[in-house]
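Next come the chains, spelled out residue by residue.
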Amino acid sequence: MVELCAGGAPGVSRFGGMVDITHSVLRELDEPFDLTQEQVTFFKENGFIKLKQVLSPDLLTYMDQTITREVHRLNTQHLPLEQRDTYGKAFLQIMNIWVYSPSVREIVFSERLAKLATDLLEVEGVRLYHDQALYKEPGGGITPWHADQYYWPLASDRTVTVWIPLQATPMELGPLEFSAGSFGLQTGRDLQIGDESQQKLQDALKSGGYRHVVEPFELGEVSFHLGWTFHRAGANKTDRMRKVMTMIYMDKDMRLKSPENQNQIEDWSRWLPGSLIGESIHSASNPLLFEY
Ligand SMILES: O=C(O)CCC(=O)C(=O)O
């Protein structure tokens, strides 16, 4: 593995040559990664997609070091796992890290990933809703079934999350699982993450006949899922942390809708400050990350 050096200083590549690691990995963040028409169609039909070899091992090493440092610095959850509720056991959740760290900002502002989001949503461009690191601790519990958009006061369904595991993620580490095509299901859209959403949605998705996609993630593989696609994750049965970074994107012309629950009221003031109901969102908290 390449030795990483801070601030663009030279490092030693696996082939023994001197390379400017930081600059070359950061370049990859902005280089385009093109999709096939089949991949766009798959996403449209299933509401999620898993894409292999989107990020190189060297870039992931850099992202792991950069993001994990901030997760440890910003984490405020110190209760033992057994004293937390189901949501609290699922992961350490550190949100909008780009605001606190210029290095994380460069990662979150990746044009490669924002263009992928734009192409999958089939829109002209995307803004950031917020980022979040989701670190499932050793022995951490399941992430219950849910749809993210329950939390968001956003007027259209043109929203997508990129889920980026910072290591290869075998089954025992708790990879993200999807219910293919479930973005059309209306049942359960009013449920926040918890024991009730897990139980009710498990039954509803099973009786609706949706395919449950449960697979490991290779190193470099990422997934994208729509805001209304139901998803979950298994427990972390290992003694290692499951490290994941996510970014939530929305159509660049997204409008704010009237909030429909308390969580949406809180998200409005937290992630969409100054935005007005019925108007398009363009605050400094929601930067435009890619546009054709
Ligand atoms: O990482 C997890 O366990 C859950 C992720 C998730 O729900 C999401 O990214 O929307």
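It should be noted that the structure appears before, not after, this text.
Residues numbered from 1 in each chain as written. Predicted model: local features only at pLDDT ≥ 70, side-chain atom pairs only at ≥ 80, totals over all residues. Heavy atoms only, no water.

Chemist: Teacher, can you tell me more about the overall build of the protein here?
Modeler: A count of helical and extended segments in the protein gives 8 helices and 13 strands. Taking 292 residues into account, the globule formula puts the C-alpha radius of gyration at 19 Å, and the protein, at 19 Å, falls close to it. Expressed as lengths along the three principal axes of its C-alpha atoms, the size of the protein is roughly 55 × 45 × 40 Å. Pairs at least 24 residues apart make up 82% of the contacts formed inside the protein by residues separated by at least 6 positions. Roughly 13,000 Å² of accessible area belongs to the protein as shown, and the carbon and sulfur atoms make up 51% of that amount. Of note, the protein has its 28 positive side-chain charges centred 3 Å away from the centre of its 39 negative side-chain charges. (Helix = DSSP H or I, 4+ residues; strand = E, 2+ residues; numbered from the N terminus. Rg over C-alpha atoms; globule rule 2.2 N^0.38 Å. Contact = heavy atoms within 4.5 Å. Areas by Shrake-Rupley, 256 points an atom, 1.4 Å probe, with all protein chains shown as cover. Lys, Arg positive; Asp, Glu negative; His and termini not counted. Charge placed at Lys NZ, Arg CZ, Asp CG, Glu CD.)

Chemist: Quick question: what am I supposed to make of the site of the ligand here?
Modeler: For the ligand, the set of nearby residues contains 13 residues, the closest of which are Thr-143, His-146, Trp-163, His-231 and Arg-242. His-146 has a polar side-chain atom sitting 3.0 Å from an oxygen atom of the ligand. Between the ligand and the protein, one listed contact pairs an oxygen atom with a side-chain N or O atom of Arg-242 at 2.8 Å. When residues of the shell around the ligand are traced back to their parent elements, those giving at least two are β6 (143-146), β7 (159-165) and β11 (231-233). Broken down by class, the residue content of the shell around the ligand amounts to 5 nonpolar, 6 polar and 2 charged. (Near = heavy atom within 4 Å. Polar contact = N/O pair within 3.5 Å; in protein donor to acceptor, adjacent residues only side chain to side chain. Nonpolar A, V, L, I, M, F, W, Y, C, P; charged D, E, K, R; others polar.)

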